[in-house]
Amino acid sequence: MSHGGGGHAAELYPENQILAIGTILAIMGMYISQFFPQVSMLLGGLLASAAIVAGANTTRKVAAYGLGTGVPSIGMLSLGMGIISSVAGIYLVNTVVKILGAGSELLYIIPIVVIVISVVLGYIVGRLTVKPIGMKIPVMVESMTKLSLMGALSIIGFCTAYAGGFLPNIIIPGSIENGVMALAFIAAGMGILHPFNACLGPNESHKRTLTLAVACGFLTWFIFSVARLDVVSSIASIVLWAVVYKEFIKQSLKDACCVYYTPEIPKREM
Amino acid sequence: MDSTLIILGALALSSAAATVAGCAEDLESDVGSQSNPNSQVQLAPQMGNIHRYFNKAISGEPVSYGLYVAVAGTIAWALMNIGMSTIFALVIGAGVAAFIHGVYAVSAYLGRIVGQSQNFGQPVYLDVVITHLGPIVGHGFIAVFCMLLAAYLATSILGNPFPLPLVALIFGITVGAIGSSTGDVHYGAEREYQKYPFGGGVPVANHGDIDIKAEIGIRNGMDSSYFCSKLGGPLTGLTFGLIVFLDGWRGIVGGILGNALGGSLISKSIIAIIVGIILVAVMVCLNRLVEVYARKKYGPYTDR
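Residues numbered from 1 in each chain as written. Chains lettered and ligands numbered in written order. Predicted model: local features only at pLDDT ≥ 70, side-chain atom pairs only at ≥ 80, totals over all residues. Heavy atoms only, no water.

- Named according to an unreviewed UniProt entry, chain A is Tetrahydromethanopterin S-methyltransferase subunit C originating from Methanofervidicoccus abyssi.
- The annotation that UniProt attaches to chain A under Subunit (unreviewed entry) is "The complex is composed of 8 subunits; MtrA, MtrB, MtrC, MtrD, MtrE, MtrF, MtrG and MtrH."
- Recorded in UniProt under Sequence similarities (unreviewed entry), the annotation for chain A is "Belongs to the MtrC family." (UniProt positions renumbered as here; feature names shortened; annotations may be inferred.)

Below is the structure:
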């Protein structure tokens with residue numbers, strides 16, 4: 001246990017289980033957005049928040065090694081790798097199809113290519129943090145790979161949901177050129193870094209952090225719904241968010257040693 | 001109207017907006033003990049100081065302000081695209097950002113306090129949450145709206161080539177960074193460590209040993225805000241306003257002189273760079289004068 005993080009408390013669910021569910025849901029969300037653009041924000045946005053939850057869970061795992069002030073950095077690093085992989089994947093496949101003259105069916109593998117690039121990039125960055133930089137965190141390489149993957153999935157997930165598809169002719173004008181990807185970068189980044197950054201401490205509990213992660217995921221979905229001026233998914237996301245957030249507040253007040261409503265300082269033995 | 005006049009007006013307006021934004025941003029982070037003070041507030045219960053500060057551990061100021069202004073910018077941009085009037089769009093965008101701000105502020109307070117509540121006996125003060133949330137969200141709204149206005153002017157009049165959501169993100173990160181670097185100097189340790197002599201910094205051994213008693217009653221984030229609204233906040237605003245103003249002015253002087261000299265892009269850029277270097281040199285001299293004056297007048301420093 002470390003002073004900054006103090007995590008490694010009992011895990012509610014194994015990390016890899018949450019990671020696998022997050023990955024599968026986010027990929028499903030992208031394909032739903034592509035094939036049913038009329039519900040892209042409603043379902044694509046909802047499923048993309050799964051990637052945020054999984055990313056926040058991995059942040060908890062790696063940042064519990066005492067990266068107290070480093071949690072925001074980890075989140076931003078994750079999304080930095082994610083945005084590189086997303087843009088690289090989209091343009092790479094697009095260029096290959098244009099130059100080689102391959103069938104346009106090849107474009108449908110863009111999410112898979114993005115995943116592969118993000119995993120490779122995350123692994124390289126993880127190795128770099130261990131070897132020349134010399135961070136002695138045992139799960140560093142593994143966590144960097146996972147964080148890169150989750151960063152990429154949340155960015156391309158929300159961008160796909162916003163644009164209504166991941167084909168280059170939809171997502172490049174719909175999310176990249178108009179700057180919405182900048183919002184995906186910072187909003188998803190905050191969703192990934194905030195839950196553990198807020199909840200860290202010796203009495204951190206996985207349940208509370210995970211509840212806040214779900215709330216942050218829904219809040220990011222709400223931001224994108226409003227930015228897309230999609231009334232139905234705005235209402236759906238804010239209602240779901242309110243339910244989860246209320247649960248988080250309830251848990252916090254229950255876990256606190258005491259809750260005061262007045263300016264009263266408890267008498268303590270010094 | 002002459003286009004130079006319009007650009008000068010836009011520059012003046014965006015500098016004024018930046019000044020207000022910097023001031024509001026600094027006061028907001030003082031109420032919420034964001035940035036550096038936050039770590040001290042976080043450590044306080046472990047040092048036996050049960051406190052009533054608001055602990056706003058969202059992330060660093062640059063990241064969180066980047067989020068708010070980017071949210072406001074994207075929503076305002078979307079609303080303007082469907083034909084809503086600019087001012088309404090900017091207000092609604094900043095309003096949604098204020099909501100997001102409030103949500104993250106509450107979860108940050110509850111999370112950090114409860115995260116060490118059992119071990120160190122730090123209670124959750126719900127009255128602190130309720131009384132501090134208004135000033136936090138209100139100051140945040142002013143800061144976000146003003147930054148968004150500056151970003152909008154940059155894209156629509158001052159000729160910034162990037163789309164509004166991206167410019168908003170960059171402007172948000174900038175206001176957070178200036179608030180963090182300038183504002184902390186005027187608040188940070190000094191207000192929380194008033195039992196230690198001024199000017200010596202805070203040794204690591206004293207980290208977390210913050211003052212929890214104020215002039216009247218138990219100290220909280222609001223006291224810091226009253227304290228800082230006299231000098232810290234306005235100075236942060238002035239710093240940021242000057243940065244925006246001088247940087248824009250540099251380009252305008254380059255444009256005007258370059259046009260007089262024949263108007264090629266290269267000569268305009270070279271003049272702008274030279275003006276920039278002159279400005280930096282003047283600033284360095286002024287800083288040195290202020291530093292020497294302050295050391296002579298206040299410092300318990302010895303000559304080395």
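### Here we look at the packing of aromatic side chains
No. 1: The final tally for this structure, using the stated rule, is 15 aromatic pairs over all chains.
No. 2: Judged by centre distance (5.9 Å) and plane angle (75°), the rings of Phe222(A) and Phe99(B) are edge-to-face. In this pair, Phe222(A) sits in helix H8 (residues 206–227) while Phe99(B) sits in helix H4 (residues 86–115), so the two residues belong to two different chains.
No. 3: Ring pairing ties together the aromatic residues Phe222(A), Trp241(A), Tyr245(A), Phe248(A) and Phe99(B), which thus form one cluster.
No. 4: Sitting above the plane of the Tyr125(B) ring, Arg52(B) keeps its charged end 4.8 Å from the centroid. (Phe/Tyr/Trp six-rings, centres within 6.5 Å; stacked < 30°, edge-to-face > 60°. Helix = DSSP H or I, 4+ residues; strand = E, 2+ residues; numbered from the N terminus. Lys NZ or Arg CZ within 6 Å of the ring centre and 35° of its normal.)

### Re the interface of chain A and chain B
No. 1: Across the contact, 53 residues belong to chain A and 51 residues belong to chain B.
No. 2: Note on chain A versus chain B: buried area summed over both sides is about 4,400 Å², and carbon and sulfur give 71% of it.
No. 3: When residues of chain A are sorted by the area they lose upon contact with chain B, Met190(A), Asn203(A) and Ile265(A) head the list and together hold 13% of the total.
No. 4: Where chain A touches chain B, the interface holds 0 salt bridges.
No. 5: At the boundary of chain A with chain B, the tally comes to 17 residue pairs in polar contact (both at pLDDT 80 or more).
No. 6: Looking at the side of chain A that touches chain B, the elements that each hand over two or more residues are helix H3 (71–100), helix H7 (180–199), H8, helix H9 (231–255) and strand S1 (259–260) of chain A. (Contact = heavy atoms within 4.5 Å. Buried area = accessible area lost by both parts, 1.4 Å probe. Salt bridge = Lys/Arg side-chain N within 4 Å of Asp/Glu carboxyl O. Polar contact = N/O pair within 3.5 Å; in protein donor to acceptor, adjacent residues only side chain to side chain.)

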